[in-house]
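Listed here are the chains, written in short residue letters.
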Amino acid sequence: MFYRLLLILDVLVAAVLVGFFFWGLTDGSIGADNILLWLVLLAMTAGLFFGATRLRARGQEAAAVALLVILALPAFLFALFALAVLIAQPRWN
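For clarity, every value in this text was computed on a predicted model and none was experimentally measured. One numbering rule holds for all chains: residues counted from 1, following each sequence as written. Reporting in this predicted model follows two pLDDT cut-offs: at least 70 for local features of residues, and 80 or more for side-chain atom pairs to be given and counted; totals over whole chains, interfaces and linings ignore these cut-offs and use all residues. By convention in this description, side-chain values take in all heavy atoms of the structure and omit both hydrogens and water.

### Details of the overall build of the protein
Going by this rule: For the purposes of this entry, the term helix denotes a DSSP run of H or I that reaches at least four residues, the term strand denotes a run of E that reaches at least two, and both are numbered from the N terminus. What the globule rule says is 2.2 Å times the number of residues to the power 0.38, and the radius of gyration is computed from C-alpha atoms. For each residue, the accessible area found with a 1.4 Å probe, counting protein chains only, is set against the maximum for its type, and the residue is called buried under 20%, exposed over 50%, and partly exposed in between. The contact definition used throughout considers only heavy atoms, calling two residues in contact when any of these lie within 4.5 Å. Under the convention used here, a 1.4 Å probe and the Shrake-Rupley method define accessible areas, while residue burial counts only the protein chains that appear. For the purpose of counting charges, residues Lys and Arg are taken to be positive, whereas Asp and Glu are taken to be negative. His and the chain ends are not included. Charge coordinates come from a single atom per side chain, which is NZ of Lys, CZ of Arg, CG of Asp or CD of Glu.
For the protein, the helix and strand inventory stands at three helices and zero strands. The N-to-C order of helical and strand elements in the protein reads α-α-α. In terms of overall size, the protein is more extended than a compact globule, its C-alpha atoms giving a radius of gyration of 16 Å where 93 residues would be expected to give roughly 12 Å. For the protein, the spread of C-alpha atoms along the principal axes amounts to about 50 × 40 × 15 Å. By the burial criterion, 23% of the 93 residues in the protein qualify as buried. Taking the intrachain contacts of the protein between residues at least 6 apart in sequence as the baseline, contacts between residues at least 24 apart amount to 58%. Roughly 6900 Å² of accessible area belongs to the protein as shown, and the carbon and sulfur atoms make up 76% of that amount. Of the side chains in the protein, 5 bear a positive and 4 a negative charge, and the two mean positions are spaced by 14 Å.

### Some points on the side chain of D10
The cut-off we apply is this: Two N or O atoms count as a polar contact when they lie within 3.5 Å, although within protein this holds only if one can serve as hydrogen donor and the other as acceptor, and sequence-adjacent residues are included solely when both atoms are side-chain atoms.
As for its placement among the helices and strands, D10 is situated in helix α1 (residues 2-27). At 3.2 Å, the side chain of D10 and the backbone nitrogen of A72 are in polar contact. If we ignore the near neighbours within four places in the chain, the residues touching D10 are F49, L68, L71 and A72.

### Some words on a nonpolar patch on the surface
Worth spelling out the cut-off: Only residues above 30% relative accessible area that lack a salt bridge enter a patch, with like-charged residues linked at up to 9 Å and the nonpolar side chains Val, Leu, Ile, Met, Phe, Trp and Tyr linked at up to 5 Å. The salt bridge definition used is simple: a Lys or Arg side-chain nitrogen within 4 Å of an Asp or Glu carboxyl oxygen.
On the surface, a nonpolar cluster with roughly 730 Å² of combined accessible area is contributed by L73, F76, L77, L80, L83, L86 and I87. With respect to the helices and strands, L83 occurs in helix α3 (residues 61-88).

### Some thoughts on helix α2 (residues 35-57)
As a reminder, the rule being used: Each residue after the first adds 1.5 Å to the expected span of a helix.
In a regular helix each residue adds 1.5 Å, so 23 residues correspond to 33 Å; α2 covers 33 Å between its end C-alpha atoms and thus fits that length. Inspection of α2 places W38, L42, T45, L48, F49, G51, A52 and L55 among the buried residues, and these make up the whole buried set. Looking at the packing, one finds that the buried side of α2 touches α1 and α3. Looking one or two residues beyond α2, the residue adopting positive phi is G59, at roughly 90 degrees.

Next comes the structure, spelled out in structure tokens:
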């Protein structure tokens, strides 16, 4: 159950990442100077998914969850921060 929850969160993060990648390709902000950075970022995200599914298929669910947490934890913390900002409505001045 926890594996699936993390997998869903990671898929959402990957979808945002791919969306920003294609948006950058269309507006020209991704060029020859930073395409390698983007490709490494996308490859690492795909590697996390591939590694987690392979580990779970081999029966090592704890290791698969640990891999998925690498991408899900920063996304979850950012979502908590955004929720706190929406609820608290702090003054930024």
